[in-house]
Amino acid sequence: VTLAKLQLQNDLVVWDIGAGSGSVSIEASNLVPNGKLFAIEKNPQCVAHLRDNLAKFCAHNVKLIEAEAPEGLEELPDPDRVFIGGAGGSLAEIVEQVDRRLKAGGLVVINAVTLDTLGRAVELLEYHGYQVEVVCVNVARTQPLTEYKLFEAHNPIYIISAAKPATA
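Everything numeric here is computed off the predicted structure, so don't read it as measured data.

> How would you sum up the pattern of salt bridges? Please name residues and give values.
Here the structure, examined in full by the defined rule, presents seven salt bridges. One salt bridge in this structure joins Lys103 and Asp80, with 3.4 Å as the shortest N-O distance. With Lys103 in the loop between α4 (91-101) and β5 (107-112) and Asp80 in the loop between β3 (62-66) and β4 (81-84), this pair connects stretches of sequence that are 23 residues apart. The class for Asp80 is buried, based on a relative accessible area of 14%. For Glu123, the salt bridge goes to Arg120, with nearest N and O atoms at 2.8 Å. Here Arg120 and Glu123 lie together in helix α5 (residues 115-127), a separation of three residues that amounts to about one turn.

If you want it as structure tokens, here you go:
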């Protein structure tokens, strides 16, 4: 759902902020074969895992940026698309920097697992004039209960997608 909301195309510049294991960057690299993808991650354990995954899945058009956003974003080219998978407590600062740099008509997608992040992200994006949509994705798996089965719910994920106005 996140990748669909990013509306990726052949030659875009994509930032993956809080890249974690690199799953979004790696999948996006297949959808943006002539583009430039930047996976920004600050956590040293995640960076090592991310580096291994980029090599394992031959994501050659993804550049790993070992930095804490928003500071690590200054040297990157202006993005067409931004995915925020983790903000490390700096969501307001990251959204501010993304808003300054995102090209007109560009898209931001944020995955949130808490209501606090959901509310704050929507508030920040709407403040900057973005058209915001939120999708809630819930997953439940069957679990045995004596001779019956029931669905055990897992925590929902809120996928926030926001379009920057095409003109200022």
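So much for the structure itself; the text now carries on.
> Give a description of the environment of Lys149 that names residues and reports values.
Mapped onto the fold, Lys149 is located in strand β8 (residues 148-153). Put simply, Lys149 and Lys36 are 113 residues apart on the chain and 46 Å apart in space, counted from C-alpha to C-alpha.

> How would you explain the layout of surface pockets if you had to name every residue and give the values?
Approximately 210 Å³ is the volume found for the largest pocket. Considering the residues around the largest pocket, the lining is formed by 13 residues, among which Gly85, Gly86, Asn111, Ala112 and Val113 are closest to the centre. Sorting the residues of the lining of the largest pocket by element identifies β4 and β5 as the ones contributing at least two each. Residue contributions to the lining of the largest pocket peak at three residues, all from β5. When the residues that make up the lining of the largest pocket are grouped by side-chain class, the tally is eight nonpolar, five polar and no charged. As a volume, the second largest pocket reaches approximately 150 Å³. Taken together, 14 residues line the second largest pocket, and the ones lying closest to its centre are Gly18, Lys42, Gly86, Ala87 and Gly88. Classifying every residue of the lining of the second largest pocket by side-chain character gives six nonpolar, five polar and three charged.

> Please set out a nonpolar patch on the surface residue by residue, giving values where relevant.
A grouping of Leu145, Tyr148 and Leu150 is seen on the molecular surface, where their side chains present a nonpolar patch of about 300 Å² in accessible area. Checked against the element boundaries, Tyr148 lands in strand β8.

> Hey, could you go over the confidence of the model for the protein chain for me, with residue numbers and the actual values?
With 99% of its residues at a pLDDT of at least 70, the protein chain reaches an overall mean of 94. Mean pLDDT per element in the protein chain: β8 is the minimum at 92, and β5 is the maximum at 98.

Parameters at a glance
Residues numbered from 1 in each chain as written. Predicted model: local features only at pLDDT ≥ 70, side-chain atom pairs only at ≥ 80, totals over all residues. Heavy atoms only, no water. Salt bridge = Lys/Arg side-chain N within 4 Å of Asp/Glu carboxyl O. Helix = DSSP H or I, 4+ residues; strand = E, 2+ residues; numbered from the N terminus. Buried < 20%, exposed > 50% of the residue type's maximum accessible area, 1.4 Å probe, protein only. 1 Å grid on protein atoms, 1.4 Å probe; cavity = no way out; pocket = protein on both sides within 12 Å on 5 of 7 lines; lining within 4 Å. Points joined across faces, edges and corners; volume = space filled by probe spheres on them. Nonpolar A, V, L, I, M, F, W, Y, C, P; charged D, E, K, R; others polar. Patch = residues over 30% accessible without salt bridge, like charges linked within 9 Å, V, L, I, M, F, W, Y side chains within 5 Å. Areas by Shrake-Rupley, 256 points an atom, 1.4 Å probe, with all protein chains shown as cover. pLDDT = per-residue confidence, 0-100.

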